[in-house]
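Fold and geometry: a report
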Amino acid sequence: MTKLTGASRSHRRRWLNPGTWHLRTRLVLVAMALLVAICAAVGLFSYASMDSFLTRQLDERLTGASDRARVFGRPPLGQQGNRPDPLDAKGQGPGTLVGRIENGQVWSAGVLTKEGTRAAVSAADNQVLLSLSPNGAPADRTLSTGDYRLVADQTPYGDVIVTGLPLADKQNTLTSLIWTISMVSLGGLVLIGLAGTVIIRRTMKPLEQLSEVATQVSLLPLDAGEVALAVRVPPSNAHPGTEVGSVGYALNLMLDNVSNALEARQESEMKVRQFVADASHELRTPLTAIRGYTELMRMTETFTPDGQRSLARVQSQSERMTTLVEDLLLLARLDEGQPLKLSEVDLTQLVIETVSDEKVMAPDRTWHLELPDEPVVVRGDASQLHQVLVNLLSNARKHTGKGTTVLTGVARAADGTAVITVTDDGAGIPPEFVDRVFARFARADASRTVRVPAGAVPAGGGPADQASAEGTSGLGLSIVQSIIEAHGGTVAVASRPGRTVFTVRLPMRPAAQGDAPSS
């Protein structure tokens with residue numbers, strides 16, 4: 001298995017384990033959202049607390065300024081006229097606004113400047129002062145000189161003293177507080193986000209390794225051949241003491257179990273293959289003897305017509321059994337991966353010769369060829385490729401009725417591969433059987449007997465009685481697939497009523513193997 005390091009490993013992890021990557025991203029986003037919510041809540045609470053504190057502080061100052069203005073602005077004892085201006089009261093700070101309202105009019109309203117001089121208010125400001133209720137409750141109003149906190153108090157002398165302090169200092173303090181909270185929160189979010197990302201990444205790293213192990217196992221071809229299931233979760237992430245460690249430990253136990261099962265399956269398959277090979281090899285001798293003695297008896301002994309038919313039946317069944325044994329031996333050799341006897345094979349000539357042989361065996365079918373102008377030559381095992389064509393054509397012959405047209409074509413594909421097609425216009429393959437036509441001993445009938453149930457169509461399409469007449473072992477197409485795969489090619493089938501196509505694709509040169517001398 002190829003090992004990746006550095007950036008390529010990180011990129012591969014991201015794409016092979018999207019669930020872990022997205023989980024880490026979601027955790028960071030959730031953490032950031034919580035931090036934003038916390039910072040917003042803290043900011044709002046701080047702002048409300050500061051606003052309340054500054055308002056109370058301002059109201060205390062406003063109450064003092066109002067008391068000074070009312071006391072200073074009362075009339076002299078025994079005199080009703082010539083009241084002093086309440087703005088001249090001692091202790092009033094810059095920006096203080098004081099005005100007297102009497103008989104629905106504003107008298108002597110002004111603002112104390114930083115230089116200690118008096119600045120008059122505008123007529124619009126007078127209307128704002130007149131709109132105040134003389135109940136002693138502070139109220140915020142906007143004047144021409146800015147925002148003010150105002151209070152109107154009724155005096156025992158029939159007039160109303162309005163006192164106000166500017167809100168600028170309070171507003172500036174709150175603005176500074178907002179900026180401070182925002183900057184501190186933003187900086188904290190950045191720092192906590194970076195730290196959280198690092199912490200979450202380190203925390204999720206074991207889970208990433210678990211996901212990567214599971215992904216590697218999911219890509220292994222566990223359904224075919226000898227599989228070495230050596231990948232495991234590292235021991236550092238397989239300790240049952242933690243949540244991730246428990247998952248890693250359980251995953252390793254599962255992989256051990258799967259590995260043992262695969263080894264047992266492989267060992268069992270090897271025993272079965274060896275048994276089939278040995279049994280097939282041992283059966284060749286008695287079958288040859290049966291056929292020989294049958295021929296001898298037919299030449300030397302005299303039989304009744306029924307005896308002749310019975311002897312002919314024995315001979316035909318022994319020949320069928322011999323064919324089955326030869327097929328099993330061929331599959332055993334292919335399973336062992338014996339090297340091909342490579343040579344230059346002209347597929348065009350091979351197709352012509354094979355189709356000619358089939359014409360002799362089945363003259364009641366219509367046999368057509370579709371050949372290119374130039375020969376299509378591949379590097380392969382001539383005898384095995386001939387076996388492929390024989391099996392495909394005999395498959396079409398056995399499983400189609402009289403008058404069926406079988407078209408055999410050879411072509412060179414655009415990608416440079418050689419393509420052989422065998423097409424017939426028979427009844428077609430049942431849809432539920434198409435995916436199993438290349439399996440060993442696969443036949444359309446579930447009972448695995450020679451006769452096919454009424455309405456079922458064996459591989460290749462056609463009447464069931466024809467298939468039964470010749471008999472099928474269910475190994476022909478499996479042999480085709482094994483031979484083609486040994487040459488580095490592929491074979492596929494597409495079928496519908498009235499058209500069944502087997503397509504063989506062969507590379508111009510097979511997969512790397514040692515060239516064995518042609519026999």
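Summarised in this report is the structure supplied together with it. Given the structure is predicted, the values throughout are model-derived calculations rather than measurements.

Each value, and the rule that gives it
- Residues numbered from 1 in each chain as written.
- Predicted model: local features only at pLDDT ≥ 70, side-chain atom pairs only at ≥ 80, totals over all residues.
- Heavy atoms only, no water.
- Salt bridge = Lys/Arg side-chain N within 4 Å of Asp/Glu carboxyl O.
- Helix = DSSP H or I, 4+ residues; strand = E, 2+ residues; numbered from the N terminus.
- Buried < 20%, exposed > 50% of the residue type's maximum accessible area, 1.4 Å probe, protein only.
- Pairing = 2+ DSSP bridges.
- Axes fitted to C-alpha atoms, helices over the stretch in contact; angles between N-to-C directions.
- Patch = residues over 30% accessible without salt bridge, like charges linked within 9 Å, V, L, I, M, F, W, Y side chains within 5 Å.
- Areas by Shrake-Rupley, 256 points an atom, 1.4 Å probe, with all protein chains shown as cover.
- Left-handed = near helix turned anticlockwise from the far one by under 90°.
- Contact = heavy atoms within 4.5 Å.
- Nonpolar A, V, L, I, M, F, W, Y, C, P; charged D, E, K, R; others polar.
- Polar contact = N/O pair within 3.5 Å; in protein donor to acceptor, adjacent residues only side chain to side chain.
- Core = buried A, V, L, I, M, F, W, Y, C linked by side-chain atoms within 4.5 Å.
- Phe/Tyr/Trp six-rings, centres within 6.5 Å; stacked < 30°, edge-to-face > 60°.

Focus: the pattern of salt bridges
- With the rule as written, the count across this model stands at 12 salt bridges.
- With a closest N to O distance of 3.1 Å, Arg 100 and Asp 159 form a salt bridge. Here Arg 100, found in strand β1 (residues 97-102), pairs with Asp 159, found in the loop between β5 (146-154) and β6 (160-166); they are 59 residues apart in sequence, far enough to count as distant. Asp 159 carries the same exposure label as Arg 100, and that label is buried.
- Salt bridges sharing common partners tie together Asp 59, Asp 140 and Arg 149.

Re the sheet that holds strand β3 (residues 118-120)
- Spatial ordering of the open sheet is given by β3-β2-β1-β6-β5-β4, a layout of 6 strands whose pairing is antiparallel. Every other strand in the sheet has two partners, leaving β3 and β4 (139-143) as the edge strands with one partner each. Across this sheet, the average inter-strand angle for adjacent strands is 30 degrees, counted without regard to direction.
- Summarising the sheet, β5 and β6 pair through 7 bridges and their orientation is antiparallel.

A look at a nonpolar patch on the surface
- Together, Val 30, Leu 34, Ile 38 and Val 42 line one region of the surface with nonpolar side chains, adding up to about 370 Å² of accessible area.
- When you line up the elements, Val 42 lands in helix α2 (residues 18-72).
- A residue is classified by how much of its surface remains accessible, and Val 42, at 47% relative accessible area, is partly exposed.

Quick word on unusual backbone geometry
- In this structure, Asn 103 is a non-glycine residue whose phi angle is positive, near 55 degrees.
- With respect to the element layout, Asn 103 can be found in the loop between β1 and β2 (105-112).
- In this structure, Ser 108 takes a positive phi of about 50 degrees despite not being glycine.
- Position of Ser 108 relative to the elements: it lies in strand β2.

Quick look at the packing of helix α8 (residues 382-398) against helix α11 (residues 476-486)
- The N-to-C vectors of α8 and α11 enclose an angle of 150 degrees; their axes lie 9 Å apart at closest approach. Relative to α11, α8 is oriented so that their crossing is left-handed. Of α11, the residues touching α8 (which contributes Gln 384, Leu 385, Gln 387, Val 388, Asn 391, Leu 392 and Asn 395) are Gly 476, Leu 477, Ile 479, Val 480, Ile 483 and Ile 484.
- Its residues placed into classes, the contact of α8 with α11 shows 8 nonpolar, 5 polar and no charged.

Here we look at the environment of Gly 380
- Take Gly 380: it is sitting in strand β9 (residues 377-381).
- Of the residues examined, Gly 380 reaches a relative accessible area of 0% and is grouped as buried.
- Residues Gly 380 and Ala 486, 106 residues apart in the sequence, show an inter-C-alpha distance of 9.6 Å.
- The residues touching Gly 380, leaving out its near neighbours within four places in the chain, are Lys 341, Leu 342, Ser 343, Val 345, Leu 385 and His 487.

Regarding the pairing of β4
- Direction of pairing for β4 relative to β5: antiparallel, over a ladder of 5 bridges. Along β5, the bridge assignment pairs Leu 143 with Gly 146.
- Counted between consecutive antiparallel strands, the loop separating β4 from β5 contains 2 residues.

Things to note about the packing of helix α7 (residues 347-361) against α8
- Put simply, α7 and α8 touch, their axes get as near as 10 Å, and they point 40 degrees apart. The two elements α7 and α8 cross, and the hand of that crossing is right-handed. Between α7 and α8, the contacting residues are Leu 347, Leu 350, Val 351, Thr 354, Val 355, Glu 358 and Met 361 on the first element and Leu 385, His 386, Leu 389, Val 390, Leu 393, Ser 394 and Arg 397 on the second.
- Here the residues of the contact of α7 with α8 are counted per class, giving 9 nonpolar, 3 polar and 2 charged.

Notes on the side chain of Thr 404
- Within the element layout of this structure, Thr 404 appears in the loop between α8 and β10 (405-412).
- For Thr 404, a relative accessible area of 8% puts it in the buried group.
- Here Gly 401 takes part through its backbone oxygen, which lies 2.6 Å from a polar atom of the side chain of Thr 404.
- Once you skip the residues sitting within four places of it in the chain, Thr 404 turns out to touch Arg 365, Thr 366, Asp 424, Asp 425 and Gly 426.

Here we look at the nonpolar core
- Among the nonpolar cores identified, the biggest contains 41 residues, and Leu 347, Leu 385 and Leu 392 are the most heavily contacted of them.
- Ranked by the residues each element gives to this core, the list is headed by α8, at 6 residues.
- With 14 residues, the next largest nonpolar core counts Ile 101, Val 111, Val 121 and Ala 139 among its residues.

Regarding the packing of aromatic side chains
- Summed over the entire model, instances satisfying the criterion amount to 1 aromatic pair.
- A centroid spacing of 6.2 Å and a plane angle of 90 degrees characterise the contact between Phe 438 and Phe 502, whose relative ring orientation is edge-to-face. Here the residue Phe 438 occupies a position in the loop between α9 (431-434) and α10 (464-470), and Phe 502 occupies one in strand β13 (residues 499-506), the gap between them amounting to 64 residues.
- Note on Phe 438: relative accessible area 14%, which makes it buried.
- Residue classification places Phe 502 among the buried residues on the basis of a relative accessible area of 2%.

Thoughts on the side chain of Ser 66
- If you trace the backbone, Ser 66 turns up in helix α2.
- We classify Ser 66 as buried; its relative accessible area is 2%.
- Residues contacting Ser 66, with those up to four places away along its chain left out, are Val 151, Asp 153 and Thr 163.

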